[in-house]
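# An overview of the molecular structure
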Amino acid sequence: KLQPSLRSIPSSYPKALNLFGLHLTYLSTMAEEKSESSFRISYYAFNGRAGPLRAAASLGGLSYEDVFTSQEEHKKAKEDGTRRWSGLPELTVLDKDGKEVTKLGQSNACLRYIGKLAGSYPENALERALVDEVLDSCEDMNNLVAPTFSIKDEEEKKKARLRL
């Protein structure tokens, strides 16, 4: 039986994630879903840096809360000092009673934590280092490509990306 893997999905949110060319629906047959949420992912209502977190949790059969925030809400949280780091995503770890334990920032740290909970982040030090190598390489690529997202002129954007 298929079980929904994401919580609190607004009707305007796409019904599937497209992550690195993989089309992942909100229904997962990869693992049996745990009934209580063990963490909360806070991010905007699109994939971005939270997409891999959501995908890892879904594929690992982990139940979690998905909290979508607006730019205004995020700005206020930063001003109030309630963000662990200055950016999103933010992962709030919950205890067995659903109470907040702590918050984690930095998307790759959050991804490693979810991977550990899901059993997909290796125990073996060498295997773990190889996984980290891929994550760090993706981060390097993202840092190269990200500045081109703000280029409005499509021809200029294409040229900038070809120079990479």
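Just above sits the structure.
A short tour of the structure in this document, coming up. Since this is a predicted model, take the numbers as computed values, not measurements.

The rules behind each value
- Residues numbered from 1 in each chain as written.
- Predicted model: local features only at pLDDT ≥ 70, side-chain atom pairs only at ≥ 80, totals over all residues.
- Heavy atoms only, no water.
- Patch = residues over 30% accessible without salt bridge, like charges linked within 9 Å, V, L, I, M, F, W, Y side chains within 5 Å.
- Areas by Shrake-Rupley, 256 points an atom, 1.4 Å probe, with all protein chains shown as cover.
- Salt bridge = Lys/Arg side-chain N within 4 Å of Asp/Glu carboxyl O.
- Helix = DSSP H or I, 4+ residues; strand = E, 2+ residues; numbered from the N terminus.
- Buried < 20%, exposed > 50% of the residue type's maximum accessible area, 1.4 Å probe, protein only.
- Axes fitted to C-alpha atoms, helices over the stretch in contact; angles between N-to-C directions.
- Parallel < 35°, antiparallel > 145°, perpendicular 65-115°, else oblique.
- Left-handed = near helix turned anticlockwise from the far one by under 90°.
- Contact = heavy atoms within 4.5 Å.
- Nonpolar A, V, L, I, M, F, W, Y, C, P; charged D, E, K, R; others polar.
- Core = buried A, V, L, I, M, F, W, Y, C linked by side-chain atoms within 4.5 Å.
- Pairing = 2+ DSSP bridges.

The next thing to look at is a nonpolar patch on the surface. A cluster of nonpolar side chains, contributed by Met141, Leu144 and Leu164, occupies part of the molecular surface with about 310 Å² of accessible area. You can see Leu144 is positioned in helix α4 (residues 125-145). Looking at Leu144, the relative accessible area reads 46%, which means it is partly exposed.

Before going further, it helps to examine the packing of helix α3 (residues 107-118) against α4. Relative orientation of the contacting elements α3 and α4 amounts to 150°, with a least axis distance of 11 Å. Between α3 and α4, the angle falls in the class roughly antiparallel. Here α3 and α4 pass one another in a crossing that is right-handed. Residues Asn108, Leu111 and Arg112 of α3 lie in contact with α4, whose contacting residues are Asp132, Leu135, Asp136 and Glu139. Broken down by class, the residue content of the contact of α3 with α4 amounts to two nonpolar, one polar and four charged.

In this section: the pattern of salt bridges. On inspection of all chains with the given rule, the structure shows twelve salt bridges. In this structure, the salt-bridge partner of Arg40 is Glu65, at a minimum N-O distance of 3.2 Å. One end of the pair, Arg40, is in strand β5 (residues 39-43); the other, Glu65, is in strand β6 (residues 65-68), and 25 residues separate them in sequence. The class for Arg40 is buried, based on a relative accessible area of 16%. Note that Asp136 is salt-bridged to Arg112, the shortest N-O span being 3.6 Å.

Judged by nonpolar contacts, the single largest core of 17 residues is most densely connected at Phe39, Ile41, Leu53, Ala57, Leu91 and Ile114. Elements with a contribution of two residues or more to this core: β5, α1 (51-59), β7 (90-94) and α3. Filtering out sequence-adjacent residues up to four positions away, Leu53 remains in contact with Ile41, Pro89, Ser107, Cys110, Leu111 and Ile114.

This paragraph deals with the sheet that holds β6. In space, the four strands of this open sheet follow the order β6-β5-β7-β8, with mixed pairing throughout. Edge positions in the sheet fall to β6 and β8 (100-104), since each of these pairs with one other strand and no more. Neighbour-to-neighbour, the strand axes of this sheet turn through a mean angle of 20°, independent of strand direction. Where β5 lies against β7, four bridges are found, and the strand directions are antiparallel. Pairing of Ile41 across the sheet is with Leu91, part of β7. Strands β5, β7 and β8 of the sheet are contacted by α3, whose axis makes an angle of about 35° with β7.

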